[in-house]
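# Notes for the structure review
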Amino acid sequence: MLTRVTHVSLLVRDQDEALNWYLEKLEFEKRADSPFPNDMPGRWLTISPKRQPDLEIVLQPIEWGLSGSPETRSQAIGQTPGWVIITDNCRSDYERLKSRGVEFSSPPEELPWGISAVLRDLYGTQHNLLQPFVVLS
């Protein structure tokens, strides 16, 4: 029986650049930072929202486990599925994040399921900032 998801991967061009962006712009926390043995490129580097330690986002360098040329792998950056990031005040967080330089594809908009704004990370991956009308647990 499958019980839960603990990690998701986000393909990044530069782990340090991505780490700094998520820590500074979205105030995520670093959860793990360990070197790989045998000179494997990159390191095991994970982040998550401060109040959600049970889910970690792996900042995955393009050299890991992907087939194709380096050019093909780098074209996948920014093309991965985005996440829904829950907030208790979408409009306020939109203004706060925007003042930090976070780019948005759309401003807060009231939809049938909540107030939503779409942000882009440093590589162009789109994430939904959502204030749901129904409390999600």
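So, a few notes on the structure that sits alongside this text. (Residues numbered from 1 in each chain as written. Predicted model: local features only at pLDDT ≥ 70, side-chain atom pairs only at ≥ 80, totals over all residues. Heavy atoms only, no water.)

What follows is about the environment of glutamine 75. Relative to the helices and strands, glutamine 75 is located in helix 2 (residues 70–75). Distance in space between the C-alpha atoms of glutamine 75 and isoleucine 62 is 9.7 Å, their sequence separation being 13 residues. (Helix = DSSP H or I, 4+ residues; strand = E, 2+ residues; numbered from the N terminus.)

Sheet architecture is open: four strands sit in the order 1-4-3-2, paired in mixed fashion. The strands lining the two open edges of the sheet, one partner per strand, are strand 1 (7–12) and strand 2 (29–35). This sheet shows a mean twist of 25° between the axes of neighbouring strands, independent of strand direction. One ladder, built from two bridges, connects strand 3 (residues 43–48) with strand 4 (residues 56–61); its direction is antiparallel. Paired with isoleucine 47 across the strands is isoleucine 57, a residue of strand 4. Contacting strand 1, strand 2, strand 3 and strand 4, helix 1 (residues 15–25) runs over the sheet at an angle of about 15° to strand 3. (Pairing = 2+ DSSP bridges. Axes fitted to C-alpha atoms, helices over the stretch in contact; angles between N-to-C directions. Contact = heavy atoms within 4.5 Å.)

With respect to burial, strand 4 is a largely interior element, six of its six residues being buried. Residues Glu56, Val58 and Gln60 point to one face of strand 4 and Ile57, Leu59 and Pro61 to the other, with burial holding for every one of them. In this structure, strand 1 lies alongside strand 4, joined through six bridges in parallel fashion. Looking at the pairing, serine 9 lines up with valine 58 of strand 4. (Buried < 20%, exposed > 50% of the residue type's maximum accessible area, 1.4 Å probe, protein only.)

Let us now look at the pattern of salt bridges. Side chains that differ in sign of charge can pair as their charged atoms come close. Taken as a whole and judged by the stated rule, the model has seven salt bridges. One salt bridge in this structure joins arginine 96 and glutamate 27, with 3.3 Å as the shortest N-O distance. Here glutamate 27 lies in the loop between helix 1 and strand 2 and arginine 96 lies in helix 3 (residues 90–99), a separation of 69 residues in the sequence. Accessibility expressed as a relative area gives 30% for glutamate 27, which makes it partly exposed. Here arginine 100 and glutamate 27 are joined by a salt bridge, their closest N and O atoms 2.4 Å apart. Taken as a pair, arginine 100 in the loop between helix 3 and strand 6 (103–111) and glutamate 27 in the loop between helix 1 and strand 2 lie far apart in primary sequence, 73 residues in all. It is possible to trace a salt-bridge network through shared partners that takes in Asp16, Lys30, Asp33 and Arg43. (Salt bridge = Lys/Arg side-chain N within 4 Å of Asp/Glu carboxyl O.)

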